[in-house]
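The residues making up each chain are set out below.
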Amino acid sequence: MPTIHDASLLRLVYNVRVRAILYQVLAVAAVVLAGLYLFGNMSAKLAEQNIATGFGYLGREAGFTISQAFIEYKPSDTYAMALLVGILNTVWVSAIGCVLATVIGTVVGIARMSSNPLLSWLMLAYVEALRNVPLLLYLFLWYALIVAILPNVRDALQPLPYVYLSNGGLTVPALRWSPAHTGVLLALLAGIAAAVLVVRRARARRVATGREGTAWPLALAALLVPPVVAGLLLQPEMAVNWPEKGRFRLSGGLHLTPEFTALLVGLSLSASAGVAEIVRSGIQSVGKGQWEASRALGLRDNGAMRLVVLPQALRVIIPPMTNTYLSLFKNSSLAIAIGYPDLVMVSNTTMNQTGQAIEAIALFMLVYLGLSLTISFGMNRYNARVALKER
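In this text, all values refer to a predicted model and were calculated from it rather than measured experimentally.

## Considerations on the packing of helix 6 (residues 179-209) against helix 7 (residues 216-234)
For the pair helix 6 and helix 7, the least separation of the axes is 7 Å and the interaxial angle reads 165 degrees. With respect to their mutual orientation, helix 6 and helix 7 come out roughly antiparallel. Crossing hand, helix 6 versus helix 7: right-handed. Contacts from A180, G183, V184, A187, L188, G191, I192, A194, A195, V198 and V199 of helix 6 reach helix 7 at L218, A219, A222, L223, P226, P227, A230, G231 and L234.

## Things to note about the nonpolar core
Core analysis: the biggest nonpolar cluster contains 35 residues, and L263, I283 and M321 have the highest contact counts within it. Listed by contribution, the elements that provide at least two residues to this core are helix 3 (79-112), helix 5 (135-149), helix 8 (258-284), helix 10 (301-331) and helix 12 (357-386). Counting residues per element, this core draws most heavily on helix 10, at 11 residues. Discounting residues that sit within four places of it in the chain, L263 has contacts with V93, L139, S332, A335, I338 and Y340. Ranked by size, the runner-up nonpolar core spans 18 residues in total, among them A62, I66, L83 and Y368.

## A few points about the confidence of the model for the chain
With 94% of its residues at a pLDDT of 70 or more, the chain shows a mean pLDDT of 83. Per-element confidence in the chain ranges from a low mean pLDDT of 62 for helix 1 (residues 4-14) to a high of 91 for helix 3.

## Re the environment of V28
Among the secondary structure elements, V28 is positioned in helix 2 (residues 16-48). Taking the C-alpha atoms as reference points, V28 and W242, separated by 214 residues in sequence, lie 54 Å from one another.

Cut-offs used in this document
Residues numbered from 1 in each chain as written. Predicted model: local features only at pLDDT ≥ 70, side-chain atom pairs only at ≥ 80, totals over all residues. Heavy atoms only, no water. Axes fitted to C-alpha atoms, helices over the stretch in contact; angles between N-to-C directions. Helix = DSSP H or I, 4+ residues; strand = E, 2+ residues; numbered from the N terminus. Parallel < 35°, antiparallel > 145°, perpendicular 65-115°, else oblique. Left-handed = near helix turned anticlockwise from the far one by under 90°. Contact = heavy atoms within 4.5 Å. Core = buried A, V, L, I, M, F, W, Y, C linked by side-chain atoms within 4.5 Å. Buried < 20%, exposed > 50% of the residue type's maximum accessible area, 1.4 Å probe, protein only. pLDDT = per-residue confidence, 0-100.

Shown next as structure tokens:
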């Protein structure tokens, strides 16, 4: 005769949610066990052939230079530091590329729907030319144009004071960065987070009570107080590193190499073509009645687009934009073709010097996986905010 304990166990077994969680736990455990088995088998076979394994090489001296580094790096630093430089190079160029692609693509997508046939056809040609040619060919094209057309360093162009442009890249004034500046930057980020929290709480209070309140003074204080206090305590030196033109080279300032510039232009323009089509399709998904209602309320077309149409189109735009950003980050690995020292190029150099290819490949695969999951998480959170809420 079944007991109460047996009945409770049966209810758990036949509970759909419990079974779904159990199946996922078993699937993850199976994958982990299979991975551990394969890793152990691989390590044993490599040990039999006297091939070094493990990640101990990350603490050894790298011994190679990196042409573009956004943090201080020397050949005497470790492989771990070189890998960090490669990661930051990848993230830096990809993040700027996402911003530029979004801005350019939004403008092109809106211009594609212009009533001016010439403008519409020009934007169509822009989109089709960039979407139907492989990105790698464009990277070669932009790099060749920069190196072949721009003058050498001795005859560098100077479009603005202390700004030099040559086939060696772009050199601009830069702030002499120090740990004090990092502290102020972190305080500013904390202030931004606090200001967003204040605005969100004020909005939630207004929805709950129906009372209109003034939140901007508190939000402004939350934004400005942390960086101001950090600046007073840390007192960062506001010294500018000015570029100086010598006979054969440029010294000082921030130097952006031709490889960085070509990669940034290639990634941004190529992704902007896809963004343009996403924006255009999102805007066209909004019914014409929304335009007519906006005009009836006295809004001009620009106001209707900004205040009425685009907020509704975001529900259609955000999901495919996530794929565009993911593709841009992953396509940055093509930088190795033009010599930009991104994560893949630094990892390849590490593999050639240490002979530990499996570890190096595993590391940059994990980095790209982490970046992709982070982008997906952020975009999904934003998509949940703009999505229609069913009540």
